[in-house]
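Coordinate inspection notes
Below, each chain spelled out in residue letters.
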Amino acid sequence: GAGVSQSPSNKVTEKGKDVELRCDPISGHTALYWYRQSLGQGLEFLIYFQGNSAPDKSGLPSDRFSAERTGGSVSTLTIQRTQQEDSAVYLCASSPVGGTGGAKNIQYFGAGTRLSVL
Amino acid sequence: GESVGLHLPTLSVQEGDNSIINCAYSNSASDYFIWYKQESGKGPQFIIDIRSNMDKRQGQRVTVLLNKTVKHLSLQIAATQPGDSAVYFCAEVNQAGTALIFGKGTTLSVSS
């Protein structure tokens, strides 16, 4: 596709259930990022993948959160034993390469998955 | 710590006016800044970026100004249009260079 694709667009789950959120980055982009956006807030970094390098997991809020990226393309963010405070919009972004400060590092975002934990 | 903030949560302007959205950052070592626009129900969309070796950068109807002395960033939108209504975020790169740190955003409302 032309842009970053995320699915599902909306997810309603019950407290304690596990959820999986999917991200298809722009074809050819080697860097992939997950962010979380709570209502009325800015984006909070969760995790970063760059090629075959070990991911930067420093933003994951707890061990209930994990993510993987298979084949250097599609990524899945998994939240185990969901809590009400996990309710937010989860945004995925990709960039041609990782790093900073240039056109190749600009992050392009998907529309997000709105997660509601009841 | 690293943080990026904005001066005003909301800004209301008339169509045709110029808009100025401000942002203050705390990490004096930051060398790259980006402005994003987020419309309702959509992900953030890149507007313009600037490196710390520049004071000003212009795009189409937008200008970003960087004042490193006071750690201040601003986005100027010329001849604001109703389609410019959105939440605007400034962001800086984290120290590891692996992700963006976003401020809380300014909601721009443009009335006809």
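A short tour of the structure in this document, coming up. (Residues numbered from 1 in each chain as written. Chains lettered and ligands numbered in written order. Predicted model: local features only at pLDDT ≥ 70, side-chain atom pairs only at ≥ 80, totals over all residues. Heavy atoms only, no water.)

**Overview of the overall build of chain A**
Let me state the cut-off plainly: By definition, any uninterrupted DSSP run of H or I lasting at least four residues is a helix, any uninterrupted run of E lasting at least two residues is a strand, and each is numbered from the N terminus. Computation of the radius of gyration draws on C-alpha atoms alone. For the globule rule, the value is 2.2 Å times the number of residues to the power 0.38. Here's how the labels work: a residue is buried when its accessible area is under 20% of the maximum for its type, exposed when over 50%, partly exposed in between, all with a 1.4 Å probe on protein chains only. Any two residues whose heavy atoms approach within 4.5 Å at even a single point are treated as in contact. In this description, accessible areas are obtained by the Shrake-Rupley approach with a 1.4 Å probe, and a residue is regarded as covered only by the protein chains that are shown. Two residue types count as positive, namely Lys and Arg, and two as negative, namely Asp and Glu; His and chain ends fall outside the count. One atom stands in for each charge, and that atom is NZ of Lys, CZ of Arg, CG of Asp or CD of Glu.
Counting secondary structure elements, chain A contains zero helices and 10 strands. The globule rule puts the C-alpha radius of gyration for 118 residues at 13 Å, and the 14 Å found for chain A is close to it. Along the first, second and third principal axes, the C-alpha set of chain A runs to 40 × 25 × 25 Å. Considering chain A as a whole, with its 118 residues, one finds that 49% of them fall into the buried category. Pairs at least 24 residues apart make up 57% of the contacts formed inside chain A by residues separated by at least 6 positions. Split by element, the accessible area of chain A, about 5500 Å² in all, is 46% carbon and sulfur. Distance between charge centres in chain A, computed from 11 positive and 10 negative side chains, equals 3 Å.

**Looking at the packing of aromatic side chains**
Here a ring pair, both rings aromatic, is described through the centre-centre distance and the interplanar angle of the planes. What counts is decided by this rule: What counts as a ring pair is set by centres within 6.5 Å for rings of Phe, Tyr and Trp (its six-membered ring), and what kind of pair is set by the plane angle: stacked under 30 degrees, edge-to-face over 60, tilted for all other angles.
A complete count under the given rule lists 11 aromatic pairs over all chains for this structure. On the numbers, 6.1 Å between centres and 70° between planes, the contact of A:Y35 with A:F45 is edge-to-face. On the criterion of sequence distance, the pair formed by A:Y35 in strand 4 (residues 31–37) and A:F45 in strand 5 (residues 43–50) is long-range, its members being 10 residues apart. Classification of A:Y35 by relative accessible area gives buried; the value is 0%. A:F45 sits in the buried class, given a relative accessible area of 12%. Plain terms: the ring middles of B:Y36 and B:F102 are 5.7 Å apart, the flat faces sit at 45° to each other, and that makes the pair tilted.

**Examining unusual backbone geometry**
For residues besides glycine, phi is generally negative; the peptide bonds are generally trans as well. Omega for the bond connecting A:S7 with A:P8 falls within 30 degrees of zero, at -10°, which places this linkage in the cis form. Summarising the element assignment, A:P8 is placed in the loop between strand 1 (5–7) and strand 2 (10–13). Phi is positive for A:R81, close to 50°, though the residue is something other than glycine. Take A:R81: it is sitting in the loop between strand 7 (75–79) and strand 8 (88–95). The phi dihedral of B:K71 falls on the positive side, at around 55°, and the residue is not glycine.

**Description of the layout of surface pockets**
Under the convention used in this document: Note on definitions: the grid is 1 Å and covers protein atoms alone; a cavity is a set of points where a 1.4 Å probe fits but cannot get out; a pocket is an open set with protein on both sides within 12 Å along at least five of seven lines; lining residues have an atom within 4 Å of a point. Grid points are joined across faces, edges and corners, and a volume is the space filled by probe spheres set on the points. Classification convention: Asp, Glu, Lys, Arg as charged; Ala, Val, Leu, Ile, Met, Phe, Trp, Tyr, Cys, Pro as nonpolar; all other residues, Gly among them, as polar.
Looking at the largest pocket, its volume works out to about 530 Å³. Along its surface, the largest pocket is lined by 28 residues, and A:Q37, A:V89, A:R114, B:Q38 and B:G41 are the ones closest to its centre. Those elements that provide at least two residues to the lining of the largest pocket are strand 8 and strand 10 (113–117) of chain A together with strand 9 (86–93) and strand 11 (106–111) of chain B. With four residues, strand 10 of chain A is the largest single contributor of residues to the lining of the largest pocket. In the lining of the largest pocket, the residues fall into eight nonpolar, 16 polar and four charged. There is about 210 Å³ of room inside the second largest pocket. Considering the residues around the second largest pocket, the lining is formed by B:K37, B:Q45, B:F46, B:I47, B:Q60, B:R61, B:V62, B:I77, B:D84 and B:Y88. Ranked by residue count, the leading element in the lining of the second largest pocket is strand 5 (residues 45–51) of chain B, at three residues. A breakdown of the residues in the lining of the second largest pocket according to their chemical character gives five nonpolar, two polar and three charged.

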